[in-house]
Amino acid sequence: MTTRTLTTIGFDADDTLWQNERYYRLTEAHFTELLADYADGPRISERLLEAEKRNLRHYGFGIKGFTLSMVETAIEVTEGKVPASVIAGILDTGRDLLSHPVETLPHVQETLAALSENYLLVMITKGDLFDQERKLAQSGLGDFFHAVEIVSDKTAVTYRRVFSKVGGGPERAMMVGNSLKSDIVPAIAAGSYGVFVPHELTWVVEHVEEPKDAPRFRKIEHLGELRGLIEGLG
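Criteria and thresholds
The residue numbering used here restarts from 1 in each chain and proceeds along that chain's sequence as written. Restriction of local features to residues with pLDDT of at least 70 applies here, the model being predicted, together with a cutoff of 80 or more for giving and counting side-chain atom pairs; totals for whole chains, interfaces and linings are based on all residues. With hydrogens and water stripped out, all remaining heavy atoms of the structure feed into the side-chain values. Remark: nonpolar core denotes a set of buried residues (Ala, Val, Leu, Ile, Met, Phe, Trp, Tyr, Cys) joined through side-chain atoms within 4.5 Å. Remark: exposure states derive from per-residue accessible area (1.4 Å probe, protein chains only) relative to the maximum for the residue type, with buried under 20%, exposed over 50%, and partly exposed in between. In this description a helix means any DSSP run of H or I spanning at least four residues, a strand means any run of E spanning at least two, and both kinds are numbered starting from the N terminus. The contact criterion used is simple: two residues touch if any of their non-hydrogen atoms lie within 4.5 Å. Paired strands are those between which DSSP finds at least two bridges. The handedness of a crossover follows from its direction of travel: if, with the strands pointing away from the viewer, the path from the first strand over the helix to the second runs clockwise, the crossover is right-handed.

Quick look at the nonpolar core
Phase 1: Within the largest apolar cluster, 29 residues are counted, with the highest numbers of intra-cluster contacts made by Ile9, Phe11, Leu17, Met174 and Leu226.
Phase 2: Those elements that place two or more of their residues in this core are β1 (8–11), α5 (108–115), β2 (120–126), β4 (173–177), β5 (193–196) and α9 (226–232).
Phase 3: Apart from residues no more than four positions distant in its own chain, Ile9 is found in contact with Leu115, Tyr119, Leu120, Leu121, Val122, Met174, Val176 and Ile230.
Phase 4: Counting residues in hydrophobic clusters, the runner-up holds 17 residues, among them Tyr24, Phe31, Met70 and Val82.

This is how it looks when you write it as structure tokens:
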């Protein structure tokens, strides 16, 4: 494969193009403070994570599911005695998450601008539809993308479908993201390149081992290295 046969580059959004997990961590810290009279912080966080995992199949990924999981955890931790004021506080933190400012990560703007001249760029992200549309609009990055796909989950089937619709199929595509589980492993399984860009904060549910033996696995420290990596493929 040469760089000329690469037609399409997919990008994850949260914690690849802009900060996201940082705001969840701050919200979780505030949540544990709301319940400080009932349990210690680590125990509350543990119960919250259990609720999030349990509820993924019901609510999917995103802020709304996270907020409902906080409410459920509050009910469990307090044995059904959670005050209405605490529930109100949880709902306030959820609304705050839905309106936080968008902070793009380093090297994003110039990298997308350069690559969009020669490749079809597609944003492939999970999360709440309205929230992801809001963040894309506020980021100012929308014009760089040929297509935007907001999906319920990311699997090899997802990448085959998207890259067959946008570009020349998965074999001529590359997926770039901070989640090994969602962005890299399934993209490689679909036949694409998977470029891992680690973020200092990645949700524990997204952790899996690096597929170091996969011929199409690559790893860079930040998006500023992506253009050089693509040039080196040929």
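Next comes the rest of the description.
Focus: the environment of Val185
Phase 1: Looking at where Val185 falls in the secondary structure, it is placed in helix α8 (residues 180–189).
Phase 2: Through-space distance from the C-alpha of Val185 to that of Ala156 is 8.3 Å; in sequence the pair is 29 residues apart.
Phase 3: With residues up to four places along the chain from it excluded, the contact list for Val185 reads Leu180, Val208 and Pro211.

With respect to the pairing of strand β3 (residues 147–151)
Phase 1: In β3, alternate side chains face the same way, and those of Ala147, Glu149 and Val151 are buried while those of Val148 and Ile150 on the opposite face are not.
Phase 2: For β2 and β3, the ladder comprises 5 bridges, and the chain directions are parallel. Residue Val122 lies in a different strand from β3, and its bridge partner there is Ala147.
Phase 3: Once you follow β2 into helix α6 (residues 129–139) and on to β3, the crossover reads as right-handed.

By themselves, these are just geometric observations and shouldn't be taken as functional.
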